[in-house]
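Listed below are the residues making up each chain.
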Amino acid sequence: MFRQTVRGGRIDEKILQPIRSVNPLREIRKDSQELVLVEDGQDVAEIHFKPLDDRTIVIDHTYVSEQLRGQKIGDQLVKAVVDIARKEGKQIFPACSFALAQFKRHKEYKDVWAQVEGE
């Protein structure tokens with residue numbers, strides 16, 4: 001199902017490279033439904049996503065801590081999920097308001113955007 005790119009907590013490292021480039025010492029904890037940035041043992045940013053059906057992923061939550069806001073970390077987390085969807089041939093339903101704003105801002109995400117009529 002959704003474990004081709006995310007397999008046993010492993011995601012293709014190329015997808016995570018932009019996030020790591022900001023601070024290569026950051027740990028990125030990943031599993032089949034989330035990416036979490038960990039700094040000094042604390043979760044500092046995260047994005048949750050899960051299969052909606054066989055062809056669609058839903059992004060239902062993003063969070064970036066105060067100290068990281070303004071550094072495009074949230075943008076990079078959404079892009080990482082977009083890259084996962086592209087690699088797996090899936091669509092994304094951005095249920096979280098931040099993810100939806102990113103999809104509206106980035107026209108290049110149109111190929112993976114599972115839009116509801118009227119959006």
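Relevant structure appears above.
No experiment lies behind these values; they were computed from the predicted model shown. (Residues numbered from 1 in each chain as written. Predicted model: local features only at pLDDT ≥ 70, side-chain atom pairs only at ≥ 80, totals over all residues. Heavy atoms only, no water.)

With that settled, consider the sheet that holds strand β4 (residues 56–64). The mixed open sheet is built from five strands, whose spatial order is β1-β2-β3-β4-β5. The open sheet is flanked by β1 (27–31) and β5 (91–94), the only strands paired with a single partner. Within this sheet the neighbouring strands show an average axis-to-axis angle of 20 degrees, counted without direction. Relative to β4, strand β3 (residues 42–53) is paired through eight bridges, and the arrangement is antiparallel. Across the sheet, residue Phe49 finds its bridge partner in β4, namely Ile59. Against the sheet, helix α2 (residues 73–88) makes contact with β2 (34–39), β3, β4 and β5, and its axis sits at roughly 30 degrees relative to β3, the strand it touches most. The strands that helix α3 (residues 97–105) touches are β4 and β5; relative to β5, the one it contacts most, it runs at about 125 degrees. (Pairing = 2+ DSSP bridges. Helix = DSSP H or I, 4+ residues; strand = E, 2+ residues; numbered from the N terminus. Axes fitted to C-alpha atoms, helices over the stretch in contact; angles between N-to-C directions. Contact = heavy atoms within 4.5 Å.)

Another aspect to go through is the side chain of Gln102. Within the fold, Gln102 resides in helix α3. The buried category is assigned to Gln102, whose relative accessible area is 1%. Excluding anything up to four places from it in sequence, Gln102 contacts Asp75, Val78 and Tyr109. (Buried < 20%, exposed > 50% of the residue type's maximum accessible area, 1.4 Å probe, protein only.)

Our focus in this paragraph is the packing of α2 against α3. At their nearest, the axes of α2 and α3 sit 10 Å apart, and the two run at 75 degrees to each other. The angle between α2 and α3 places the two elements in the roughly perpendicular class. Counting all contacts with α2, which are made through Gly74, Asp75, Val78 and Val82, the residues of α3 involved are Phe98, Ala99, Gln102 and Phe103. Considered class by class, the residues forming the contact of α2 with α3 number five nonpolar, two polar and one charged. (Parallel < 35°, antiparallel > 145°, perpendicular 65-115°, else oblique. Nonpolar A, V, L, I, M, F, W, Y, C, P; charged D, E, K, R; others polar.)

Attention now goes to the layout of surface pockets. Remark: the empty space left among the atoms is shown by a probe the size of a water molecule rolled over them. Counted as a void, the largest pocket has a volume near 250 Å³. Together, 14 residues line the largest pocket, and Val64, Gly70, Gly74, Asp75 and Phe98 are the ones closest to its centre. (1 Å grid on protein atoms, 1.4 Å probe; cavity = no way out; pocket = protein on both sides within 12 Å on 5 of 7 lines; lining within 4 Å. Points joined across faces, edges and corners; volume = space filled by probe spheres on them.)

Throughout the structure, instances matching the rule amount to six salt bridges. Ionic pairing is found between Asp60 and Lys50, a salt bridge with its closest N-O pair at 3.4 Å. Here Lys50 lies in strand β3 and Asp60 lies in strand β4, a separation of ten residues in the sequence. Of the residues examined, Asp60 reaches a relative accessible area of 35% and is grouped as partly exposed. Overall, Lys50 belongs to the partly exposed group, its relative accessible area being 36%. Measuring nitrogen to oxygen at the nearest pair gives 2.9 Å for the salt bridge that ties Glu66 to Arg69. Residues joined in a network through salt bridges with shared partners are Lys79, Asp83, Arg86 and Asp111. (Salt bridge = Lys/Arg side-chain N within 4 Å of Asp/Glu carboxyl O.)

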